[in-house]
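Given next are the chains, with one letter for each unit.
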Amino acid sequence: MTFKHYAKSIRLGLSALAIAVSAQSAFAASAWQINPLGSGLAGASSVSAINVGGVGFVQLLPNGIDSPLFTFIETGVYRALNADGSGPFGANDLTVTYSVSGTGNFLDASALHLNTGSINLYADPNFDFGTSTATYGADNGTKVASFDIFSGYVADTGLVTVNANGVAGSILSGYLFNAEGADLATLSNVQLQLSIFNRPIWPVDSMQVSEIICGMAGYTGSGCNGTPFIPTSLAFAVQDGGSVTISAVPEPETLTLLLAGLGLIGVVGRRRQKDAC
């Protein structure tokens, strides 16, 4: 069996990005708040998750003819959706652009690892997602936040989890808040966690070919060289959806003080019980 056949099977386990921004699991917030207009906490909505949906393009790059190893690159866009997925979320169009890369093994789907990449969140008063404005109408709004991907993996179910850190100074005030109402622009160590499934799609509409495959991904194969786009086992379009949550992870020093405080409370409590006896 050729590596292209392995590629055809492994692509079903590749996930593009539907966003989840959260703390590490031990500190994940059950709710967060978002104001698509950026006008502050008073106009923010408390949510546990926001639906997202979008499209992307995946390229697998074999390390050599006789090697089962490969690198991959995926680029794409998302739009935040309302609770039933029937339309945009909020008074501004919340959109996302992303690019992620990693490594894998054609013989072992579980060996897929995401190593680097970026995610950008935008708020746009013009609801033009899916058009030729800028890049698919996804990056022509106000950039609300940027995140750098640092790791990711694939579960046995095919669910991909991606972890990213907020870029220092990139989060605009007035848009994102934790459950207690603190503006994430004032907090450090904001982390992003992405979890999604996707599915290869065919046929692909001309807008996705021109904007995502040829433009954003910089692909030079079919569809971008004067011929119709034809997917292969090593280059294919995807459609996906997911959800998003956001919060800040306590700094190690803060966590240490918190745990020390809890320990002190326990000591004081036991001392009081002993004195009472």
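Everything quoted here is computed from the prediction, not taken from an experiment.

### Observations regarding the overall build of the protein
Helix and strand content of the protein: three helices and 12 strands. For the protein, the residues scored as buried account for 45% of the 277 residues in total. Considering only intrachain contacts with a sequence separation of at least 6, the fraction spanning at least 24 residues in the protein is 70%. If you sum the accessible surface of the protein, you get close to 13000 Å²; carbon and sulfur atoms cover 56% of it.

### Overview of the packing of aromatic side chains
Scanning the entire structure with this criterion turns up six aromatic pairs. Put simply, the rings of Phe57, Trp202, Tyr219 and Phe229 touch in pairs and so form one group of aromatic residues.

### Focus: the confidence of the model for the protein
For the protein, mean pLDDT is 82; residues scoring 70 or higher make up 78% of the total. The least confident element of the protein is helix α1 (residues 3-10), whose mean pLDDT is 43; the most confident is helix α2 (residues 206-216), at 97. Overall, residues 1-29 carries pLDDT values under 50, and its contacts beyond four positions in sequence, including any with other chains, amount to 107 contacts. Taken together, the stretch residues 263-270 has pLDDT below 50 and engages in zero contacts with residues farther than four places along the chain or on a different chain.

### As for α2
Listing the buried residues of α2 in full gives Gln208, Val209, Glu211, Ile212 and Ile213. Taking the backbone nitrogen of methionine 207 as reference, a side-chain oxygen 3.0 Å away marks aspartate 205 as the first, capping residue of α2.

### Focus: the nonpolar core
If you look at the biggest cluster of nonpolar residues, it comprises 42 residues, and the most contacted ones within it are Ile34, Leu60, Ile119 and Leu176. Membership of the second largest hydrophobic core comes to 15 residues, among which are Phe57, Tyr136, Ile213 and Phe229.

### Details of the environment of isoleucine 73
Note on placement: isoleucine 73 falls in strand β4 (residues 69-81). Judged by its relative accessible area of 33%, isoleucine 73 is partly exposed. Each C-alpha atom, one on isoleucine 73 and one on phenylalanine 57, is 8.2 Å from the other, the two residues being 16 residues apart in sequence. Beyond its immediate stretch of four places on either side in the chain, isoleucine 73 contacts Phe57, Val58, Gln59, Leu61, Val100 and Ser101.

### Let's talk about the state of the cysteines
In the structure shown here, the tally under the stated rule is one disulfide. Sulfur-sulfur distance for the disulfide between cysteine 214 and cysteine 224 comes to 2.0 Å. Its S-S torsion of about -90 degrees marks the bond between cysteine 214 and cysteine 224 as left-handed, since a negative value means left-handed. On the criterion of sequence distance, the pair formed by cysteine 214 in helix α2 and cysteine 224 in the loop between α2 and β11 (235-244) is long-range, its members being 10 residues apart.

### Thoughts on the sheet that holds strand β9 (residues 176-178)
Reading across from one edge, β2-β1-β9 is the order of the three strands in this open sheet, with antiparallel pairing throughout. In this open sheet, the two edge strands, each paired with only one partner strand, are β2 (45-47) and β9. This sheet shows a mean twist of 30 degrees between the axes of neighbouring strands, independent of strand direction. Pairing between strand β1 (residues 32-34) and β2: three bridges, direction antiparallel. For glutamine 33, the partnering residue across the bridge sits in β2 and is serine 46.

### As for unusual backbone geometry
Going from tryptophan 202 to proline 203, the amide bond is cis rather than trans, its omega being 5 degrees. When you line up the elements, proline 203 lands in the loop between β10 (190-200) and α2. The phi angle at tyrosine 136 is positive, at roughly 60 degrees, despite the residue not being glycine. Structurally, tyrosine 136 is set in the loop between β6 (108-124) and β7 (142-154).

What counts, and at which threshold
- Throughout, residues of each chain are indexed from 1 in the direction in which the sequence is written.
- A pLDDT threshold of at least 70 governs which residues receive local features in this predicted model, and a stricter bar of 80 or more applies before side-chain atom pairs are shown or counted, although totals over entire chains, interfaces and linings include all residues.
- As a convention, hydrogens and water are excluded, and side-chain values are obtained from all of the structure's heavy atoms.
- The secondary structure listing takes helices from DSSP runs of H or I that are at least 4 residues long and strands from runs of E that are at least 2 residues long, numbered from the N terminus.
- We call a residue buried when its accessible area falls under 20% of the maximum for its residue type, exposed when it is over 50%, and partly exposed in between, using a 1.4 Å probe and counting protein chains only.
- We call two residues contacting when some pair of their heavy atoms lies within 4.5 Å.
- Throughout, the Shrake-Rupley method with a 1.4 Å probe supplies accessible areas, and for residues the shown protein chains are the sole cover considered.
- Only rings of Phe, Tyr and Trp enter the pairing, Trp through its six-membered ring, and a pair is recorded when the two centres are within 6.5 Å. The plane angle decides the type: under 30 degrees is stacked, over 60 is edge-to-face, the rest tilted.
- You can read pLDDT as the predictor saying how much it trusts each residue, on a scale of 0 to 100.
- Definition of a polar contact: a pair of N or O atoms within 3.5 Å, with one able to donate and the other able to accept a hydrogen when the atoms are protein atoms, and with sequence-neighbouring residues admitted only if both atoms are side-chain atoms.
- What makes a nonpolar core is a set of buried Ala, Val, Leu, Ile, Met, Phe, Trp, Tyr and Cys residues whose side-chain atoms join them at distances within 4.5 Å.
- Here, the term disulfide refers to a pair of cysteine sulfur atoms separated by no more than 2.5 Å.
- Two strands are said to pair when DSSP picks up at least two bridges between them.
- The convention used is that axes are lines fitted to C-alpha atoms, helices contributing only their stretch in contact, and that angles between N-to-C directions extend from 0 to 180 degrees.

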